[in-house]
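# Residue-level structural notes
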Amino acid sequence: MIDTHTHLYAEEFDEDRKEAIQRALDKGITEFYLPAIDSESHEKMLQLESEYPNQIFSMMGLHPCYVKPESWEKELELVKNYLDQRHFPAIGEIGIDLYWDKTTLDIQVKAFEQQIDWAIEKDLPIVIHTRESFDETFDVLERKKHPKLRGIFHCFSGNLEQAKHALDLNFILGIGGVVTFKNGKIDQFLNEIPLDKIVLETDSPYLAPVPFRGKRNESSYLDLVAGKLVDIYQKDFAEIDRITTENARKMFK
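Everything quoted here is computed from the prediction, not taken from an experiment.

It is worth spelling out helix α3 (residues 72-85) at this point. Counted at 1.5 Å a residue, the expected span for α3 with its 14 residues is 20 Å, and the 20 Å between its end C-alpha atoms agrees. Among all positions in α3, only W72, E75, L76, V79 and L83 are buried. Along the long axis of α3, the arc covered by the buried residues comes to 100°, so they all point the same way. α3 presents E73, K74, E77 and Q85 as exposed residues on the side facing more than 90 degrees away from its buried surface. If you follow the buried residues of α3, they end up packed against α2 (39-51), β4 (91-97) and α4 (105-122).

Below, the structure written as structure tokens:
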């Protein structure tokens, strides 16, 4: 299995990071993709990648919650410098978040658009963070439509119509712990989305699946997400594992 979105460098893992990674490896999770947040965490993320060069892969980007009036342009310069220095499998996580702060929408959109331009220029997928902002996110993606524009709607928690819109725009869905929540709702329509349009993720340390909901999440819980897809798609675990792993490999090349 591949965890397509995990913050293993987060301080929540400072006490037992190696053990948490080992638990996931023991469960058969062979690759981990780390989304970037901002310059505060780049070094920790890239250091962790260097310790596990065959398993851990860093993305690069500026998270919408860290698009601040006083620093976002400088932060984007740092992102661009990294993108010019070396290869990353994706630009992310980027997007729009109106849950925490609606006042920065204009600069969130500018930062999102700029990073989309770089993704198109470098022929890289993007990993999108969208929270209470599907309409605004789709507006940007419609404006920026391009044959090379593709990626993952990370931690997808929208409705069926939004899921289909994402697919129409050449994106696939990152499915994590929310699919196991009673009030998560995506389990009610997910079987209408082709399995080849889905990748697995944990978003650890956040959004732990049931029965660990409310506790720290970790990559080893990815099998609980896959297990829920067994119920939803009525396919065996090995099949879910094989198809979602292929999808991730195709996306991240």
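After presenting the structure, the write-up continues.
Attention shifts here to the pairing of strand β7 (residues 171-175). With five of five residues buried, β7 lies mostly within the body of the structure. Relative to β7, strand β6 (residues 151-153) runs parallel, the two sharing three bridges. The residue of β7 that forms the bridge with F153 is L173. Note on the crossover from β6 through helix α6 (residues 160-168) to β7: the handedness is right-handed. With three bridges joining them, β7 and strand β8 (residues 198-200) adopt parallel strand pairing. The residue of β8 that forms the bridge with L173 is I198.

The subject of this paragraph is the UniProt feature "binding site: a divalent metal cation 1" (unreviewed entry) in the protein. In the numbering used here, UniProt assigns the "binding site: a divalent metal cation 1" (unreviewed entry) feature to H5, H7, E93 and D203. These annotated residues cover 199 residues of sequence, and their C-alpha atoms lie no more than 11.0 Å from one another, placing them together at a single site. For the largest pocket, the lining residues among the annotations just cited are H7, E93 and D203. Its place among the elements puts H5 in the loop between β1 (2-3) and α1 (17-26).

About the cut-offs
Residues numbered from 1 in each chain as written. Predicted model: local features only at pLDDT ≥ 70, side-chain atom pairs only at ≥ 80, totals over all residues. Heavy atoms only, no water. Helix = DSSP H or I, 4+ residues; strand = E, 2+ residues; numbered from the N terminus. Expected span 1.5 Å × (residues − 1). Buried < 20%, exposed > 50% of the residue type's maximum accessible area, 1.4 Å probe, protein only. Arc of directions from axis to C-beta. Contact = heavy atoms within 4.5 Å. Pairing = 2+ DSSP bridges. Right-handed = clockwise from strand over helix to strand, strands pointing away. UniProt positions renumbered as here; feature names shortened; annotations may be inferred. 1 Å grid on protein atoms, 1.4 Å probe; cavity = no way out; pocket = protein on both sides within 12 Å on 5 of 7 lines; lining within 4 Å.

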